[in-house]
Amino acid sequence: KNEVEQSPQNLTAQEGEFITINCSYSVGISALHWLQQHPGGGIVSLFMLSSGKKKHGRLIATINIQEKHSSLHITASHPRDSAVYICAVRFKGGSEKLVFGKGTKLTVNP
Amino acid sequence: GAGVSQSPSNKVTEKGKDVELRCDPISGHTALYWYRQRLGQGLEFLIYFQGNSAPDKSGLPSDRFSAERTGESVSTLTIQRTQQEDSAVYLCASSPGGGTARPQHFGDGTRLSIL
């Protein structure tokens, strides 16, 4: 069964802390996306990766294909990082559809 | 326009009515996706259009749901004989092409409430 699991479900941090959000999937993928959904509902694509590591500002995404695992890291977290972070994957095998994790709700307190 | 535009932003309708939701993708984006997000739930894929290829309809939950797209322009998602379980935010996204191996740009969604 093609599944995507995220952890933790909820995360509360103090401003400045280093944040890690994890995503695991069940079978081989061709692409993995990290998305950010703001409290108002808008969704922004943060990263799309199929191997290795990507960095954008204070955000870093890594993926380990062999272990079927990806992490999203936030350095020097800030209250404006408070949002739901969503992992989504395209499984190998034909369909173009993304399968989504249930999201990680991050709250960064000042 | 600068981003993906969806209309209406909110729609309230009575059970049994038909509704039509609209998505204007970013100009030049050949791929277009519809998703659904029920309250407190994760996103669910509904349908995917890529250029003039046959759409991937594998996520449509029932035959009451249909979607159209003409070429690389506007798409409409139609829900017939709405039910209360159809209440959700319906999100549209577009990308330059290459399927889900390209970043997607999301609209702000249509919040659909079925009374």
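Quick look at the structure, then. (Residues numbered from 1 in each chain as written. Chains lettered and ligands numbered in written order. Predicted model: local features only at pLDDT ≥ 70, side-chain atom pairs only at ≥ 80, totals over all residues. Heavy atoms only, no water.)

## Considerations on the overall build of chain B
Working step 1: Looking only at helices and strands, chain B has zero helices and 10 strands in total.
Working step 2: When the helices and strands of chain B are placed in sequence order, the string is β-β-β-β-β-β-β-β-β-β.
Working step 3: A compact globule built from 115 residues would reach a C-alpha radius of gyration of about 13 Å, and chain B, at 13 Å, matches this within 12%.
Working step 4: Relative to all contacts within chain B whose residues are 6 or more apart in sequence, the contacts with residues 24 or more apart total 55%. (Helix = DSSP H or I, 4+ residues; strand = E, 2+ residues; numbered from the N terminus. Rg over C-alpha atoms; globule rule 2.2 N^0.38 Å. Contact = heavy atoms within 4.5 Å.)

## Concerning the sheet that holds strand β6 (residues 52-56) of chain A
All names here are of chain A.
Working step 1: Read from one edge of the open sheet, five strands run β1-β3-β8-β7-β6, paired in antiparallel fashion. Two strands bound the open sheet, and with one partner strand each, they are β1 (4-7) and β6. Averaged over all neighbouring strand pairs, the angle between strand axes comes to 15°, with direction disregarded.
Working step 2: Sheet analysis places strand β3 (residues 19-25) next to strand β8 (residues 69-74), joined by six bridges and oriented antiparallel. The residue bridging T20 from the neighbouring strand is H73, located in β8. (Pairing = 2+ DSSP bridges. Axes fitted to C-alpha atoms, helices over the stretch in contact; angles between N-to-C directions.)

## A word on the packing of aromatic side chains
Working step 1: Scanning all chains against the criterion turns up five aromatic pairs over all chains.
Working step 2: For the pair Y33 of chain B and Y35 of chain B, a centre-to-centre distance of 6.1 Å together with 10° between the ring planes defines the contact as stacked.
Working step 3: Note on Y33 of chain B: relative accessible area 0%, which makes it buried.
Working step 4: Each member of the aromatic cluster is reached from another via a ring pair, and the members are F100 of chain A together with Y33, Y35, F45, Y48 and F106 of chain B. (Phe/Tyr/Trp six-rings, centres within 6.5 Å; stacked < 30°, edge-to-face > 60°. Buried < 20%, exposed > 50% of the residue type's maximum accessible area, 1.4 Å probe, protein only.)

## Points about the side chain of Q37 of chain B
Working step 1: Take Q37 of chain B: it is sitting in strand β4 (residues 31-37).
Working step 2: Looking at Q37 of chain B, its side chain comes within polar contact range of the main-chain oxygen of Q41 of chain B, at 3.3 Å. (Polar contact = N/O pair within 3.5 Å; in protein donor to acceptor, adjacent residues only side chain to side chain.)

## Notes on the state of the cysteines
Working step 1: Summed over the entire model, instances satisfying the criterion amount to two disulfides over all chains.
Working step 2: Paired by a disulfide, C23 of chain A and C87 of chain A hold their sulfur atoms 2.0 Å apart. Judged by the sign of its S-S torsion, about -60°, the cystine formed by C23 of chain A and C87 of chain A is left-handed. With a gap of 64 residues between them, C23 of chain A in strand β3 and C87 of chain A in strand β9 (residues 83-91) connect regions that are remote in the sequence. In this structure, C23 of chain A and C87 of chain A share a single accessibility class: buried.
Working step 3: What pairs with C23 of chain B in a disulfide is C92 of chain B, and their sulfur atoms sit 1.9 Å apart. Residues C23 of chain B and C92 of chain B are joined through a disulfide that is left-handed, its torsion about the S-S bond being -65°. Taken as a pair, C23 of chain B in strand β3 (residues 19-24) and C92 of chain B in strand β8 (residues 88-95) lie far apart in primary sequence, 69 residues in all. Accessibility assignment for this pair places C23 of chain B and C92 of chain B in one class, buried. (Disulfide = S-S within 2.5 Å.)

## Things to note about the sheet that holds strand β1 (residues 5-7) of chain B
All names here are of chain B.
Working step 1: One open sheet holds the four strands; their spatial order is β1-β3-β7-β6, and the pairing between them is antiparallel. Taken across any chain shown, the strands that pair with only one partner, and hence form the sheet edges, are β1 and β6 (65-69). Each strand axis lies, on average, 15° off the axis of its neighbour in the sheet, ignoring direction.
Working step 2: Bridge analysis of β3 against strand β7 (residues 75-79) gives five bridges, and the strand direction is antiparallel. In the sheet register, R22 faces β7, and the bridge partner there is T76.

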